[in-house]
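# Geometric and topological summary
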Amino acid sequence: MYGMVNQAVRGLVLEQFGQDAWKNIHEKAGAPENFDSFNNYDDAITYGLVGAATEVLELPAEKILYAFGEYWVLKVAAQSYADLMDKTGTDFLSFVKGLDHMHSRIKVTFPNYKPPSFRVQVLSEARFQLDYYSDREGLLPFVEGLMHGLATHFEQEVEIRQVPDDDHPMPCKRMEVSYHPVSNG
């Protein structure tokens, strides 16, 4: 994964858990303290950071990945990639539908970038099926965190239900996403 991902992991840990937690995590993972955003790092480094974070923070990997997904959208993307986000979609559903196109634009900047792929099937006015394809294992909680972060960004509340693996071909992970505007009452 590119260094921008690992740098964002670092940012999340520093912001929510502090410098000592980050020091313990990157040392335990045998990872650098900082990352060059445009350098391509072995995926094992990112997985190592998550593994070390589960030990240091005493949280399950699923919670760490989920929190990172939300953080990526609400902090990293919103601040550093606002223009790209604006061009991807003007509402929650159109943004999710545009994820593959956004990843295609990113691929131009980052050689050897291996993005996930998403297929959206609208099921009703406020519900869609999302098929997530990736060569990387174990990142579904990250994708769920991304969806929650995007919903928050677009002022929506979201519910995600995973559809069991036997209902669709591998390596697809399928979920149903229901959403509605945030209620102010």
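Residues numbered from 1 in each chain as written. Predicted model: local features only at pLDDT ≥ 70, side-chain atom pairs only at ≥ 80, totals over all residues. Heavy atoms only, no water.

### What about the environment of Y71?
Relative to the assigned elements, Y71 resides in helix α4 (residues 61-80). On the basis of relative accessibility, which here comes to 11%, the residue Y71 falls in the buried class. Spatially, the C-alpha atom of Y71 lies 22 Å from that of H101, the residues being 30 residues apart in sequence. Leaving out residues up to four positions away in the same chain, Y71 has contacts with A8, G11, L12, E15 and V76. Among the polar contacts made by the side chain of Y71, one reaches the main-chain carbonyl oxygen of G11 at a distance of 3.5 Å. (Helix = DSSP H or I, 4+ residues; strand = E, 2+ residues; numbered from the N terminus. Buried < 20%, exposed > 50% of the residue type's maximum accessible area, 1.4 Å probe, protein only. Contact = heavy atoms within 4.5 Å. Polar contact = N/O pair within 3.5 Å; in protein donor to acceptor, adjacent residues only side chain to side chain.)

### Observations regarding the confidence of the model for the protein chain
Per-residue pLDDT for the protein chain has a mean of 92; in total, 97% of the residues score no lower than 70. No element of the protein chain has a lower mean pLDDT than helix α7 (residues 99-109), which averages 86, and none a higher one than helix α2 (residues 19-29), which averages 98. (pLDDT = per-residue confidence, 0-100.)

### Observations concerning the packing of aromatic side chains
Taken as a whole and assessed by the stated rule, the structure comprises eleven aromatic pairs. Summarising the aromatic geometry, the rings of F92 and F128 are spaced 5.8 Å apart at their centres and angled 50 degrees between planes, so their arrangement reads as tilted. Pair noted here: F92 is in helix α6 (residues 92-97) and F128 is in strand β2 (residues 127-133), with a separation of 36 residues, a long-range link. Relative to F154, the ring of F95 lies with its centre 5.8 Å away and its plane at 50 degrees, an arrangement referred to as tilted. One end of the pair, F95, is in helix α6; the other, F154, is in the loop between α8 (140-153) and β3 (156-163), with 59 residues separating them in the sequence. (Phe/Tyr/Trp six-rings, centres within 6.5 Å; stacked < 30°, edge-to-face > 60°.)

### Describing unusual backbone geometry
With glycine set apart, most residues show a phi of negative sign, and most peptide bonds adopt trans. A positive phi angle is found at E58, which is not glycine, with a value near 55 degrees. In this structure, E58 sits in the loop between α3 (43-57) and α4. Phi is positive for E155, close to 55 degrees, though the residue is something other than glycine. If you trace the backbone, E155 turns up in the loop between α8 and β3. What makes E155 exposed here is its relative accessible area of 58%.

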